[in-house]
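Here is what each chain is made of, one letter per residue.
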Amino acid sequence: MSKISIVTAFFDIGRGNWSTNVSKNGGPLPHYLQRSVDKYLDHFKRMCEVDTEVIVYTSSDLAEKVQVAPNVKVVVYDYFNIHNELRQRIKAVQQSPDFLKRVNPYQVRNPEYWSEDYVGVTSLKAFYVKDAFERGLITNEWASWVDFGYCREDNHLPATRKWEYDFTPGKMHLFNYRYPTSQNDVLVAVLNNVVYIIGGVFVGQKQSWEMLNESMNKSLENLLARNMVDDDQGLLLMSYLENPEKYELHKMELTQDIEEVRSILRKYNKHE
């Protein structure tokens, strides 16, 4: 297997201001939501130590800042204007009393339920990878989505700084906490912020990314039509349930420390 290319994206959606002093949906934001642009850039710089090409979609004002290493390819992408119609549709659902009253009250201050840009940016993860293939920016057979801020510590990286793994060809590879069984799992996930499939990393070949992009778009439209929204984790769940034979799940234990969950690049790696 060749190196696995990494695709990611970063847009400043104001997360540096998501402090406990801010109230959303009737109460203060959880303390763990706040993260500055500089903190994200620190995490991204660490990820770029992996010996592979890293394609990052970002806004024009951040393009120079994310050019942190020779292996980084920057795509200037005007997310806020290009997807403004989608942003407004998401916002309308998030502000709908009928939707909010269905959401678990202990979860309603998480950004899935009030930030149109959190949902909008994360819903496009498969699009960014598909688009990078179409632009000819991905030169390897396999590509991954990896969250911009995923590598928070050095031990989240492969010690060798190489990433190759014999994933099954022809499948989209997802990492899951729980095994989905029915469409009822979608309601559980969307309304209770329950994670079935992890959104931080997923891996596939070009055709699988094209399939996933189409399926995630369809899933988001399905939710909006039902006056609901969710981020990438809900859309990945819906996509998997639509065509489970096109995916391969890699189980992560719920009892695992979060630091282990953030070590997928190291754990699924033939060099480690």
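Relevant structure appears above.
My aim in this report is to walk through the structure given alongside it, one point at a time. Treat the numbers as computed from the prediction; the structure is a model and nothing was measured.

Let's shift gears to the pattern of salt bridges. Following the criterion strictly, the structure yields 14 salt bridges and no others. Here aspartate 117 and arginine 87 are joined by a salt bridge, their closest N and O atoms 2.5 Å apart. One end of the pair, aspartate 117, is in helix α6 (residues 116-123); the other, arginine 87, is in helix α4 (residues 84-94), with 30 residues separating them in the sequence. In this pair, the class of aspartate 117 matches that of arginine 87, namely buried.

The method is simple in principle: a probe with the dimensions of a water molecule rolls over the atoms, and the space it marks as empty is what remains. Volume-wise, the largest pocket comes out at about 1200 Å³. Lining the largest pocket are 45 residues; nearest its centre among them are Arg15, Arg35, Tyr118, Asp147 and Arg262. When contributions to the lining of the largest pocket are tallied by element, the ones reaching two or more residues are β1 (4-10), α1 (37-47), α6, α10 (232-242) and α11 (258-261). The dominant element in the lining of the largest pocket, judged by the number of residues it contributes, is α6, at 4 residues. Taken together, the residues of the lining of the largest pocket break down into 21 nonpolar, 11 polar and 13 charged. There is about 170 Å³ of room inside the second largest pocket. Lining the second largest pocket are His83, Leu86, Ser123, Leu124, Phe127, Asn213, Met216, Asn217, Leu220, Glu221 and Leu235. Among the elements that make up the lining of the second largest pocket, the one with the highest residue count is helix α9 (residues 206-225) (5 residues).

Here the focus is the pairing of β1. Regular strands show a simple pattern: their side chains alternate between the two faces of the sheet. Among the 7 residues in β1, 7 count as buried, and that is most of the element. The side-chain alternation of β1 yields two buried faces, one formed by Ile4, Ile6, Thr8 and Phe10 and the other by Ser5, Val7 and Ala9. One ladder, built from 4 bridges, connects β1 with strand β6 (residues 142-146); its direction is parallel. Each residue of the ladder has a partner; that of valine 7, found in β6, is tryptophan 145. Where β1 lies against strand β4 (residues 54-58), 5 bridges are found, and the strand directions are parallel. Note that in β4 the partner of phenylalanine 10 across the bridge is threonine 58.

This part is about empty space enclosed by the protein. Enumeration over the complete set of coordinates arrives at 1 cavity of 30 Å³ or more. Of the volumes computed, that of the largest cavity is approximately 50 Å³. In terms of lining residues, the largest cavity is bounded by Ala189, Asn193, Val194, Val195, Tyr196, Ile197, Asp230, Asp231, Gln233, Gly234 and Leu237. Here the lining of the largest cavity gets 3 residues from one element, more than from any other, and that element is α10. When grouped by side-chain class, the residues that make up the lining of the largest cavity number 6 nonpolar, 3 polar and 2 charged.

Next up on the list: the packing of aromatic side chains. Each aromatic ring pair is specified by the distance between its two centres and by the angle formed by the two planes. Inspection of every chain in the model, using the stated rule, returns 24 aromatic pairs. Measuring from centroid to centroid gives 5.3 Å for tyrosine 57 and tyrosine 128, while their planes differ by 40°, and the two rings are tilted. Placement of the pair is tyrosine 57 in strand β4 and tyrosine 128 in helix α7 (residues 125-134), with a sequence separation of 71 residues. Accessibility classification places tyrosine 57 together with tyrosine 128 in one group, the buried group. Each member of the aromatic cluster is reached from another via a ring pair, and the members are Phe11, Tyr57, Tyr77, Tyr79, Phe80, Phe127, Tyr128 and Trp145.

Below, the discussion takes up the nonpolar core. The tendency in soluble globular proteins is for nonpolar side chains to be buried as a group. Ranked by internal contacts, the top residues of the largest apolar core, which has 53 residues, are Tyr57, Phe99, Tyr128, Trp209 and Leu212. In this view, tyrosine 57 contacts Val7, Thr8, Ala9, Phe10, Phe11, Val75, Tyr77, Tyr128, Asp131, Ala132 and Arg135; residues no more than four positions away in its chain are not counted. Counting residues in hydrophobic clusters, the runner-up holds 35 residues, among them Ile6, Tyr40, Leu41 and Met47.

This next bit is on α1. An α-helix turns once per 3.6 residues; consequently, residues spaced three or four apart project the same way. Burial in α1 covers these residues: Val37, Tyr40, Leu41, His43, Phe44, Arg46 and Met47. Its buried side turned inward, α1 meets β1, β4, α2 (63-66), β5 (72-76) and β6.

With that out of the way, let us pick up the side chain of aspartate 185. Within the secondary structure, aspartate 185 is located in helix α8 (residues 184-192). Lacking a salt bridge, the buried aspartate 185 has arginine 178 as its closest oppositely charged neighbour, with an N-O distance of 8.5 Å. At a separation of 2.6 Å, a polar atom in the side chain of aspartate 185 contacts the main-chain amide nitrogen of threonine 181. At a separation of 3.1 Å, a polar atom in the side chain of aspartate 185 contacts the side chain of tyrosine 196. Here aspartate 185 is in contact with Tyr179, Pro180, Tyr196 and Leu237, once residues within four sequence places are set aside.

Each value, and the rule that gives it
- Along each chain, the written sequence defines residue order, and numbers are assigned to residues from 1.
- Reporting in this predicted model follows two pLDDT cut-offs: at least 70 for local features of residues, and 80 or more for side-chain atom pairs to be given and counted; totals over whole chains, interfaces and linings ignore these cut-offs and use all residues.
- Where side-chain values are given, they derive from all heavy atoms of the structure, hydrogens and water being excluded.
- Salt bridges are defined as contacts in which a side-chain nitrogen from Lys or Arg sits within 4 Å of a carboxyl oxygen from Asp or Glu.
- To qualify as a helix, a DSSP run of H or I must reach at least 4 residues; to qualify as a strand, a run of E must reach at least 2; elements of each kind are numbered from the N terminus.
- Only protein chains enter the accessibility calculation, which uses a 1.4 Å probe; a residue is then buried when its area is under 20% of its type maximum, exposed when over 50%, and partly exposed in between.
- A pocket, in this scheme, is an open set of points on a 1 Å grid over the protein atoms alone with protein on both sides within 12 Å along at least 5 of 7 lines, while a cavity is a set where a 1.4 Å probe fits but cannot get out; residues line either one if an atom lies within 4 Å of a point.
- Grid points are joined across faces, edges and corners, and a volume is the space filled by probe spheres set on the points.
- Only Asp, Glu, Lys and Arg are considered charged in this grouping, and only Ala, Val, Leu, Ile, Met, Phe, Trp, Tyr, Cys and Pro are considered nonpolar; every other residue, Gly among them, is considered polar.
- Strand pairing requires that DSSP identify at least two bridges connecting the strands.
- Note on ring pairs: Phe, Tyr and Trp rings are taken, using the six-membered ring of Trp, and paired if centres are within 6.5 Å. Classes follow the plane angle, with under 30 degrees stacked, over 60 edge-to-face and the rest tilted.
- Here, nonpolar core refers to any group of buried Ala, Val, Leu, Ile, Met, Phe, Trp, Tyr and Cys residues whose side-chain atoms link them within 4.5 Å.
- What makes two residues a contact is simply this: any of their non-hydrogen atoms within 4.5 Å.
- All tallies of charge rest on Lys and Arg as positive and Asp and Glu as negative; His and the ends of each chain are not included.
- Two N or O atoms form a polar contact when they lie within 3.5 Å of each other; inside protein one atom must be a possible hydrogen donor and the other a possible acceptor, and for residues adjacent in sequence the pair counts only when both atoms belong to side chains.

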